[in-house]
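Now for the letters of each chain:
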Amino acid sequence: MLLESVRVLDLADGDAAAVTRLLADLGADVLKVEPPGGSPERNDPPLLDGVSIPFALHNANKRSVTLDPANERDRHRFDELVAGADIVVDSGPTGRAGDFGTSCGELADRFGHLVAMSVTDFGADGPRSTWQATDAVLYALSGALSRSGPTTGTPVLPPDGIASATAAVQASWAVLVAYYNRLRCGAGDYIDFSRFDAVVTVLDPIFGAHGQAAAAQRVSTRWRGRPRNQDAYPIMPCGDGYVRLCVMSPRQWRALWGWLGEPAEYADPKFGVLGERFAVWPQVSVLVRELFADQTMADLVAAGQARGVPIAAVGDPAQVLVEEHLKVAGAVTRAELAPGLSAVIPTGYYVVDDHRAGFRTPAPAPGDAGAGWRAERLPEQAFGAVGDRPFEGLRIVDLGVIVAGGEASRLFGDLGAEIIKVESTAYPDGLRQARPGSVMSESFAWTHRNNSALGLDLRSPAGKDLFGRLVGTADAVFANFKPGTLAALGFSYGALRGLNPRVVLAESSAFGETGPWSGRMGYGPLVRATTGVTALWTAPEDTTEPGRHPFYDATTVFPDHVVARVTAIGALAALIAARRTGAGSHVHVSQAETAVNQLDTSYVARAAGSVVQSDTALDLVCPCAGDDEWCVISIRDDDDMRGVAEGFGDPGLASDPRFSTAGARAEHRGDLTAALERHTRDRTPADIGELLQAARVPAAPMNRPPDVADDPQLAHRTVFVDMTHPLIEHPLPAETGPAPFRNIPPAPQRPAPLPGQDTRAICRGVLGLDDSETERLIADGVLFAHD
């Protein structure tokens, strides 16, 4: 297993447990420290036959040690375990480190080799460091809520769970980066990790790539309006449900046009351009509705995919885990959540060398104090200086495109790796589509900073030869093509290893390499529809716009940015393994499986049905003073309800029989929302956040893009700095890194390249070609260069 030499001490609780589960899936020896009687989160809802579903899922593949902070022998044992660990993950005030009178920062000071991470809602300092977050609060503050929902009226919260799972992935990436840096320079690190920072930069980043459809339209703005187009990826009714179209290229449009019977009024080739097609879509959609009206979802998907039209059914979240594709692919399994209690669960994110790297053992019972480390630690081979970027000296050949592919390599480039982006004139990256009059899109500038660009025709024999020589010099190759594409080009992983036994191949695709869906065309919107995410992204009852479907996920890029991090983690784990074994690995990540794992608790609970004791927490979106201003208020339990009543100076709220218990609040949700609106309508969203957070209630204003740019907590933590590009007239706020480190500097900001901008330099410096040979290959069309 890729991380079998890594020792991880898990002191975390709640959502932070998912951070170390991901490392455990990749083989790390994860030892969870629990108090006598077991961790309190063993009782976190939703519960299946009394067993916490989130605890069972997020603590699989771990072992447990029970230590009593009041016992001197156990305190000594705690110190021994920390001294022997490579990584410690805690969750700040609620984690186990505090029980032993210490903190992650102090542990990093005591043990110089240790990578210690504290995972909290907002970080250890700053104006919101004492605030509490739920997923709803994170959606509101990150700007995700402001882009989800109708043009007017109540915004729509994204599905609960995605924000926390996204933060866990980013935390796993950050802590593994610091561990790799420790291998490089010998120094550990302390990471003050903020879930808010992570959600802002990873889930649906306002300052980041917004996908191919938006790349040609988007321009940075301080516009505070709501989404203008919630149907960029149209959802159409059919005989037994809904299907979604994601027609991007001229070829796909021609396929849809043919399916519609080749209507003469849309025969002009200009309709192959996204902007032209959007302009006439209201008329085209009438024809689509007529064609789809009496057909089933299954028939439409089969017919559309056969014609080359990207289409997917809007799946039922309760049925996702029993889909044949996921079973065949090994992405789900029936496993014990506790002795004698089994359920169908997702197995994890990764396939490594054609084997599933995920669920192996159920979450452990509380262990005894005698548990110790099993992993044989990797011998120290420090060769770099403290303060250098961790990936300096790594070379990555990048075939990735759009968001999920391009951003995976950018993450390595931000940390010092040499990224060689390979493109051909026939198949440029879709993010290169720019607005009329612009040479480069903002999305491309964000996604491909710190890259160099090589123009190469991979379909020509001479191009294949050059690519093979490039692979021979590389540490890794990244790609996100449809499965089989690399092999068809002559570069299966076996072929790549023949060129370079140490090379790592890290790939992502829409639906994975195996299973009935693996050959489907896939984009993020189709992945969301197929996996049931779209069906969860809906407005509350009775608030749907008349004549419109109820789904509101069209403006999100989920799961692309998350997939980029998941892929990067797998690639880095493979590079760590290559240091130990001298051999590369093939890591594959499915976007569909990523979406399912991000919502694992929700899907397992829905599949189990009525026997589940549900989480009774409520997340309410309430109107505030001002034009189209909103806030969120999360009421997790009776204490929160009393806090709301105290904050608003309305004790009758908490004593009202409709609101005094969790069950009553759920039953009278509408009444509770109306009661809270009486207090929120005359206050600003910021005032609501301050007022209720002071009462220890998770609440927050709904931020818009300008608010995120000016957010005081993000500014305090220097999450963004202005990035300039010579081809873009205004600065772009860009993230400074995955988290604040002690020993890793912020990301550099080399501008994203034009196509083929570095072809000559790469040929000369990497491939060893003389200038005359390079010019001949350019003249022959094997290479292209920007002049």
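Residues numbered from 1 in each chain as written. Predicted model: local features only at pLDDT ≥ 70, side-chain atom pairs only at ≥ 80, totals over all residues. Heavy atoms only, no water.

- In the nomenclature of an unreviewed UniProt entry, the protein corresponds to Acyl-CoA transferase from the organism Mycolicibacter longobardus.
- Recorded in UniProt under Sequence similarities (unreviewed entry), the annotation for the protein is "Belongs to the CoA-transferase III family." (UniProt positions renumbered as here; feature names shortened; annotations may be inferred.)

## Side note on the overall build of the protein
No. 1: Scanning the protein from terminus to terminus reveals 32 helices and 28 strands.
No. 2: Here the protein holds 787 residues, and 62% of them are scored as buried.
No. 3: In the protein, of all internal contacts separated by at least 6 residues, the share reaching a separation of at least 24 is 77%.
No. 4: On the protein, roughly 28,100 Å² of surface is accessible, and the fraction owed to carbon and sulfur atoms is 50%. (Helix = DSSP H or I, 4+ residues; strand = E, 2+ residues; numbered from the N terminus. Buried < 20%, exposed > 50% of the residue type's maximum accessible area, 1.4 Å probe, protein only. Contact = heavy atoms within 4.5 Å. Areas by Shrake-Rupley, 256 points an atom, 1.4 Å probe, with all protein chains shown as cover.)

## Examining unusual backbone geometry
No. 1: Following Pro45, the chain continues into Pro46 via a peptide bond in cis, with omega recorded as 0 degrees.
No. 2: Despite not being glycine, Ile402 shows a phi value in the positive range, around 55 degrees.
No. 3: Within the element layout of this structure, Ile402 appears in helix 14 (residues 402–413).

## What to know about the sheet that holds strand 5 (residues 63–66)
No. 1: Reading across the sheet, the six strands line up as 5-2-1-6-7-8 and stay open at both edges, with parallel pairing between neighbours. Taken across any chain shown, the strands that pair with only one partner, and hence form the sheet edges, are strand 5 and strand 8 (189–194). Averaged over neighbouring strand pairs, the angle between their axes works out to 20 degrees when direction is ignored.
No. 2: Two strands pair when backbone bridges link them, and strand 6 (residues 87–90) and strand 7 (residues 115–120) are joined in this way by four bridges, in the parallel orientation. Within the sheet, the bridge partner assigned to Asp90 lies in strand 7 and is Ser118.
No. 3: On top of the sheet, helix 8 (residues 195–203) reaches strand 7 and strand 8; it is set at about 70 degrees to strand 8, its chief contact. (Pairing = 2+ DSSP bridges. Axes fitted to C-alpha atoms, helices over the stretch in contact; angles between N-to-C directions.)

## What about the packing of helix 1 (residues 17–25) against helix 7 (residues 162–185)?
Between two packed helices, what matters for the description is the angle formed by their axes and the separation of those axes.
No. 1: As a packed pair, helix 1 and helix 7 sit with axes 8 Å apart at the nearest point and diverge in direction by 60 degrees. Overall, the two elements helix 1 and helix 7 adopt an arrangement that is oblique. Where helix 1 crosses over helix 7, the two elements pack in a sense that is right-handed. Facing Ala18, Val19, Leu22 and Leu23 of helix 1, the residues of helix 7 in contact are Ala168, Val169, Ala171, Ser172, Val175 and Leu176.
No. 2: In the contact of helix 1 with helix 7, the residues fall into nine nonpolar, one polar and no charged. (Parallel < 35°, antiparallel > 145°, perpendicular 65-115°, else oblique. Left-handed = near helix turned anticlockwise from the far one by under 90°. Nonpolar A, V, L, I, M, F, W, Y, C, P; charged D, E, K, R; others polar.)

## Re the pattern of salt bridges
Opposite charge on two side chains makes pairing possible when the charged atoms of those side chains draw close.
No. 1: As enumerated under the stated definition, the model contains 42 salt bridges in all.
No. 2: For Asp192, the salt bridge goes to Arg717, with nearest N and O atoms at 2.9 Å. Here Arg717 lies in the loop between helix 30 (712–716) and strand 26 (720–725) and Asp192 lies in strand 8, a separation of 525 residues in the sequence.
No. 3: Given the relative accessible area of 10%, Asp192 is considered buried.
No. 4: Judged by its relative accessible area of 12%, Arg717 is buried.
No. 5: For Arg704, the salt bridge is made with Asp628, and the minimal N-O distance between the two is 3.4 Å. In this pair, Arg704 is assigned in the loop between strand 25 (699–701) and helix 29 (705–709) and Asp628 in the loop between strand 23 (618–623) and strand 24 (630–635), connecting sequence segments 76 residues apart. (Salt bridge = Lys/Arg side-chain N within 4 Å of Asp/Glu carboxyl O.)

## Here's the deal with the pairing of strand 27 (residues 728–735)
In summary, the side chains of a regular strand alternate between the two faces of the sheet.
No. 1: Summarising burial for strand 27: six of the eight residues are buried, a large majority.
No. 2: Sheet analysis places strand 26 next to strand 27, joined by five bridges and oriented antiparallel. By the bridge assignment for strand 27, Phe720 is matched with Glu735.
No. 3: A loop of two residues connects strand 26 with strand 27, the two strands running antiparallel in sequence.

## A short note on helix 22 (residues 591–598)
No. 1: Of all eight residues in helix 22, eight are buried, a share of seventy percent or more.
No. 2: Along helix 22, the residues classified as buried are Gln591, Ala592, Glu593, Thr594, Ala595, Val596, Asn597 and Gln598.
No. 3: Of the residues that open helix 22, the one with a side-chain oxygen 3.2 Å from the backbone nitrogen of Ala592 is Ser590. (Polar contact = N/O pair within 3.5 Å; in protein donor to acceptor, adjacent residues only side chain to side chain.)

## A short note on the domain arrangement of the protein
No. 1: Domain parsing of the protein yields domain 1 (7–207 + 358–379), domain 2 (247–309) and domain 3 (617–704).
No. 2: Here the C-alpha centroids of domain 1 and domain 3 sit 29 Å apart.
No. 3: Across the contact, 17 residues belong to domain 1 and 18 residues belong to domain 3.
No. 4: When the two sides are added together, the surface that domain 1 and domain 3 hide from each other amounts to roughly 1,700 Å², 63% of it contributed by carbon and sulfur.
No. 5: Our enumeration of links across domain 1 and domain 3 arrives at eight residue pairs in polar contact (both at pLDDT 80 or more). (Domains from an automatic or database assignment. Buried area = accessible area lost by both parts, 1.4 Å probe.)

## Digging into the nonpolar core
No. 1: Counting residues in hydrophobic clusters, the biggest one holds 148 residues, and the most contacted among them are Trp173, Tyr350, Phe391 and Phe412.
No. 2: Looking at this core element by element, the count peaks at 15 residues for helix 7.
No. 3: For this core, the two domains that each supply at least three residues are domain 1 (7–207 + 358–379) and domain 3 (617–704).
No. 4: Those residues within four positions of Trp173 in sequence are excluded, and the remaining contacts are Phe391, Leu411, Phe412, Leu415, Ala568, Ile569, Leu572 and Pro738.
No. 5: One finds Leu454, Phe467, Leu470 and Ile762 within the second-largest nonpolar core, a separate group that totals 29 residues. (Core = buried A, V, L, I, M, F, W, Y, C linked by side-chain atoms within 4.5 Å.)

## Section: the sheet that holds strand 11 (residues 311–313)
No. 1: The three strands lie next to each other as 9-10-11, forming an open sheet whose pairing is antiparallel. A strand with exactly one partner marks an edge of an open sheet, and here the two such strands are strand 9 (235–238) and strand 11. In this sheet, adjacent strand axes meet at a mean angle of 30 degrees when their direction is disregarded.
No. 2: Lying over the sheet, helix 11 (residues 274–292) contacts strand 9, strand 10 (241–245) and strand 11, oriented at roughly 30 degrees with respect to strand 9.

## Description of helix 1
No. 1: Helix 1 sits mainly inside the fold: nine of its nine residues count as buried.
No. 2: Those residues of helix 1 lying buried are Ala17, Ala18, Val19, Thr20, Arg21, Leu22, Leu23, Ala24 and Asp25.
No. 3: Downstream of helix 1 by one or two residues, Gly27 has phi in the positive range, about 105 degrees.

## Focus on the environment of Gly649
No. 1: One can find Gly649 in the loop between helix 24 (638–648) and helix 25 (652–655).
No. 2: Overall, the relative accessible area of 59% leaves Gly649 in the exposed class.
No. 3: As a C-alpha pair, Gly649 and His679 span 30 residues in sequence and 9.4 Å in three-dimensional space.

## Things to note about the side chain of Gln252
No. 1: Inspection of the secondary structure puts Gln252 in helix 10 (residues 250–259).
No. 2: Residues contacting Gln252, with those up to four places away along its chain left out, are Cys246, Val247, Gly308, Val309, Pro310 and Tyr523.

## Here we look at the packing of helix 10 against helix 12 (residues 297–307)
No. 1: The contact between helix 10 and helix 12 brings their axes to 9 Å, and the two run at 125 degrees. The angle between the axes of helix 10 and helix 12 places the two elements in the oblique class. Crossing handedness for the pair helix 10 and helix 12: right-handed. Seen from helix 10, the contacting residues are Ala255, Gly258 and Trp259; seen from helix 12, they are Leu300, Ala303, Gly304 and Arg307.
No. 2: Of the residues assigned to the contact of helix 10 with helix 12, the class counts are four nonpolar, two polar and one charged.

## Here we look at the pairing of strand 1 (residues 7–10)
No. 1: Side chains Arg7 and Leu9 of strand 1 all project onto a buried face; the interleaved residues Val8 and Asp10 project onto the opposite face, where all are buried too.
No. 2: Judged from the four bridges that link them, strand 1 and strand 2 (residues 29–34) form a sheet pairing that is parallel. Paired with Asp10 across the strands is Lys32, a residue of strand 2.
No. 3: Viewed along the sheet, the connection from strand 1 through helix 1 into strand 2 turns out right-handed.
No. 4: Taken together, the three bridges between strand 1 and strand 6 define a ladder with parallel strand orientation. Directly across from Leu9, in strand 6, lies its bridge partner Val88. (Right-handed = clockwise from strand over helix to strand, strands pointing away.)

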